[in-house]
Each structure stands twice: as C-alpha cells, then as structure tokens.
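Structure at a glance
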Amino acid sequence: MELLKERIRRDGIVKPGNVLKVDSFLNHQMDIDLINEIGKEFRRRFPSDKITKILTIEASGIGIACIAAQYFHVPVVFAKKAQSINIDGDVYHTKVQSFTHQKVYDVILSRKFLGPDDHVLIIDDFLANGCALMGLIDIIKKAGASIEGAGIVIEKGFQQGGQMIREQGIHLESLAVITAMTDTEIQLED
Ligand code: 5GP
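Since we're looking at a predicted model, the values are computed, not measured.

The rules behind each value
- All chains use their own residue numbering, which begins from 1 and follows the written sequence.
- A pLDDT threshold of at least 70 governs which residues receive local features in this predicted model, and a stricter bar of 80 or more applies before side-chain atom pairs are shown or counted, although totals over entire chains, interfaces and linings include all residues.
- The basis for the side-chain values is all heavy atoms of the structure; hydrogens and waters are excluded.
- Strands are runs of DSSP state E lasting at least two residues, helices are runs of H or I lasting at least four, and both sets are numbered from the N terminus onward.
- The quantity called the radius of gyration is restricted to C-alpha atoms. Its globule counterpart is 2.2 Å times the number of residues to the power 0.38.
- Only protein chains enter the accessibility calculation, which uses a 1.4 Å probe; a residue whose area is less than 20% of its type maximum is buried, one above 50% is exposed, and one in between is partly exposed.
- Residue contacts are counted whenever heavy atoms from the two residues lie within 4.5 Å of one another.
- Here the open area of atoms and residues is found with the Shrake-Rupley method and a 1.4 Å probe, where only the protein chains shown may cover a residue.
- Only four residue types enter the charge count, namely Lys and Arg as positive and Asp and Glu as negative; His and the chain termini do not.
- Lysine's charge is taken at NZ, arginine's at CZ, aspartate's at CG and glutamate's at CD.
- By the convention used here, strands pair only if DSSP detects at least 2 bridges between them.
- Classification remark: right-handed applies to a crossover when, strands pointing away from the viewer, the course from the first strand over the helix to the second runs clockwise.
- Whether a residue is near a molecule or strand depends on its heavy atoms: it is near if one of them lies within 4 Å of it.
- Contacts described as polar in this section are N or O atom pairs within 3.5 Å, which, within protein, must combine one atom able to donate a hydrogen with one able to accept it, while residues neighboring in sequence count only if both atoms come from side chains.
- Under this grouping Gly is polar, as are all residues other than the nonpolar Ala, Val, Leu, Ile, Met, Phe, Trp, Tyr, Cys and Pro and the charged Asp, Glu, Lys and Arg.
- The definition of a nonpolar core used throughout is a set of buried Ala, Val, Leu, Ile, Met, Phe, Trp, Tyr and Cys residues joined through side-chain atoms within 4.5 Å.
- By convention, a stacked pair of Phe, Tyr or Trp rings (six-membered ring in the case of Trp) has centres within 6.5 Å and planes under 30 degrees apart, an edge-to-face pair has planes over 60 apart, and any other such pair is tilted.
- Throughout this description, the term charge over a ring refers to an Arg CZ or Lys NZ atom that lies within 6 Å of the ring centre and within 35 degrees of the ring normal.
- Between N-to-C directions, angles cover 0 to 180 degrees, with each direction set by a line fitted to C-alpha atoms, over the stretch in contact for helices.

Section: the overall build of the protein
On a plain count of helices and strands, the protein comes out with five helices and 10 strands. In terms of C-alpha radius of gyration, the protein reaches 16 Å, essentially the compact-globule figure of 16 Å for 190 residues. Based on the C-alpha atoms only, the size of the protein along its principal axes is roughly 50 × 35 × 30 Å. With 190 residues in all, the protein has 48% of them scored as buried. Long-range contacts, defined here as pairs at least 24 residues apart, represent 60% of the contacts in the protein between residues at least 6 apart. In the form shown here, the protein has an accessible surface area of approximately 9,600 Å², with 48% of it arising from carbon and sulfur atoms. In the protein, which carries 22 positive and 26 negative side-chain charges, the distance between the mean positions of the two groups comes to 3 Å.

Quick look at the pairing of strand β4 (residues 76–81)
Summarising the sheet, strand β3 (residues 53–57) and β4 pair through four bridges and their orientation is parallel. Opposite Leu55, over in β4, you have Val77 as the bridge partner. Handedness of the crossover joining β3 and β4 through helix α3 (residues 60–69) is recorded here as right-handed. Sheet topology note: the β4/strand β6 (residues 104–110) ladder contains two bridges and is antiparallel. Bridge pairing in β6 links Lys81 to Val107.

A look at the site of the ligand
Within the structure, the ligand sits among 17 residues, and Leu20, Asn129, Gly130, Ala132 and Lys156 are positioned closest to it. In this structure, Leu20 approaches the ligand through a main-chain N or O atom, which is 2.7 Å from a nitrogen atom. A distance of 2.7 Å is found between an oxygen atom of the ligand and a side-chain nitrogen or oxygen belonging to Lys156. In isolation the ligand offers 500 Å² of accessible surface; the protein chains occlude 89% of this area. Elements with a minimum of two residues in the shell around the ligand: β2 (19–21), β7 (119–127) and α4 (131–143). In terms of residues, the shell around the ligand owes the most to one element, β7, which gives four residues. Looking at side-chain class alone, the shell around the ligand contains eight nonpolar, six polar and three charged residues.

Let's talk about the nonpolar core
Residues Leu4, Ile8, Leu20, Leu26, Ile38, Phe42 and Ile154 are the most contacted members of the largest nonpolar core, which totals 33 residues. For this core, the secondary-structure elements that each account for two or more residues are α1 (2–11), α2 (32–45), α3, β7, β8 (146–156), β9 (172–181) and β10 (186–188). The element that contributes the greatest number of residues to this core is α3, accounting for five residues. Ignoring sequence-local partners within four residues, the contact set of Leu26 consists of Ile35, Ile38, Ile64, Asp125, Val153 and Ile154. Grouped together as the second largest cluster of nonpolar side chains are 25 residues, Ile57, Ala79, Ala145 and Ile165 included.

Description of unusual backbone geometry
Following Glu58, the chain continues into Ala59 via a peptide bond in cis, with omega recorded as 5 degrees. Along the chain, Ala59 turns up in the loop between β3 and α3. With phi around 55 degrees, His73 is a residue other than glycine that occupies positive phi space. Turning to its location among the elements, His73 is positioned in the loop between α3 and β4. Given a relative accessible area of 70%, His73 falls into the exposed group.

What to know about the packing of aromatic side chains
Under the criterion given, the structure shown has zero aromatic pairs. One Lys or Arg, Lys81, reaches over the ring of Tyr105 and ends 4.9 Å from the middle of that ring.

Quick word on the sheet that holds strand β5 (residues 91–97)
Spatially, the eight strands line up as an open sheet ordered β5-β6-β4-β3-β7-β8-β9-β10, and their pairing is mixed. Strands with a single pairing partner mark the edges of an open sheet, and in this sheet they are β5 and β10. The average angle at which neighbouring strand axes cross in this sheet is 30 degrees, direction not considered. Packing against the sheet, α3 makes contact with β3, β4, β7 and β8, and its axis sits at approximately 160 degrees to β3. Along the sheet, α4 contacts β3, β4, β5, β6, β7, β8 and β9; its crossing angle with β5, the most-contacted strand, is approximately 160 degrees.

Read these as geometric descriptors, not functional statements.
Set out below in structure tokens:
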C-alpha cells in the first residue's frame, strides 16, 4: 500500500531495540484519512462475506479495527489485558509476551462475544515476533471459531512472526513489510 509506505518513510522513527515509532499517524495521534484507506485496503484483501467479527487486542489495534469494520459491517471485539489474575470462567484466557513492554500479559475475552459460529478476521497495528497474534489465535481456537485471516498494518519482516503465522496456513496480509531498518533508513518490501 503505497500511501502507507510513503508515510512510514516520511514520519517513521527508528528507536533502539528494533522498535519503529509511528505514533504521529497510527497509534497515538491517528491520521483518520490514512486509516480509512487502510480499512478499505483490508476489505479489498479480505473480500469474504463469511466474516462475522473483527478481533483485535487493546490498545492500539482498537481504533484501526473500528475504522476497518465500517467496510465489513461486523462488530469489533477486542481482547483485554487483564489487570488482575482473578480470571473467572466467563472468559477465554491466554498469555501474551509484549514486544514493546517486555512483559507477559494475561489477556481475556468474554465468552459472550466469540463462539463456534464466528468467522474471525484479526486486525492489529504491528507484527513483530507474533506473540500478540498467537494469543489472539489461541483465543479463537478456545472459542471454537474459524480464522478467516489476519490483517496487519506494519509487519517487521526481519522478525519471525510473519513466517510463523504463514506456516500455520493462516491467510496473513500485511499492508507494509519492513525488510530492514537502521537509525537512518527504513527499507520496505516492494
Ligand atoms: P509481537 O507480539 O508480534 O511481537 O508484537 C506485536 C505487538 O507489539 C503489536 O500489537 C504492537 O503493539 C507492538 N509492537 C511490536 N513491534 C512494534 C514496533 O516496532 N513499534 C510499535 N510502535 N509497536 C510494536
């Protein structure tokens, strides 16, 4: 997606630890016109009318998923990072290792909002080592729902997540794939 790639080249900032900051347009301040185009592009890449729900994880996936959902006409449900380990039976529960915060989160989703009849499209802002996606996939499996695919805004192709997800046969679409980054340069796949 050329518009997105141009924006990453222009406004992306590389931080130590292989972290790309895109907080001026994607996950802190949000450029809604750009995210609207991202939503349309996800719809183009996932045209299936079987999708019943979009699943994301708090916090930064939520805004993107909501804008995209307007093109799918399905609800968005987001996995929550649990504050207490007091997890009751009404929720699906998994654990996610956070790439940016270097800690393990308990992640929950109410059983009310995902079940065996659902066909789920996952949407998230970044794919790095794949832990967030693996956690969401685990929740979908626990719910007995079907995975229609995963739409990612920015995949860091030099980390292992993309390969791991594709090897599971999951339809993964990343709108921009970073092949390498240094302090001064961000290289993107054509
Ligand atoms: P993963 O679980 O695939 O290792 O990392 C994905 C999650 O970590 C995303 O939900 C995203 O919030 C965060 N993340 C991973 N890499 C980056 C990065 O380079 N920049 C930012 N801003 N967030 C990242």
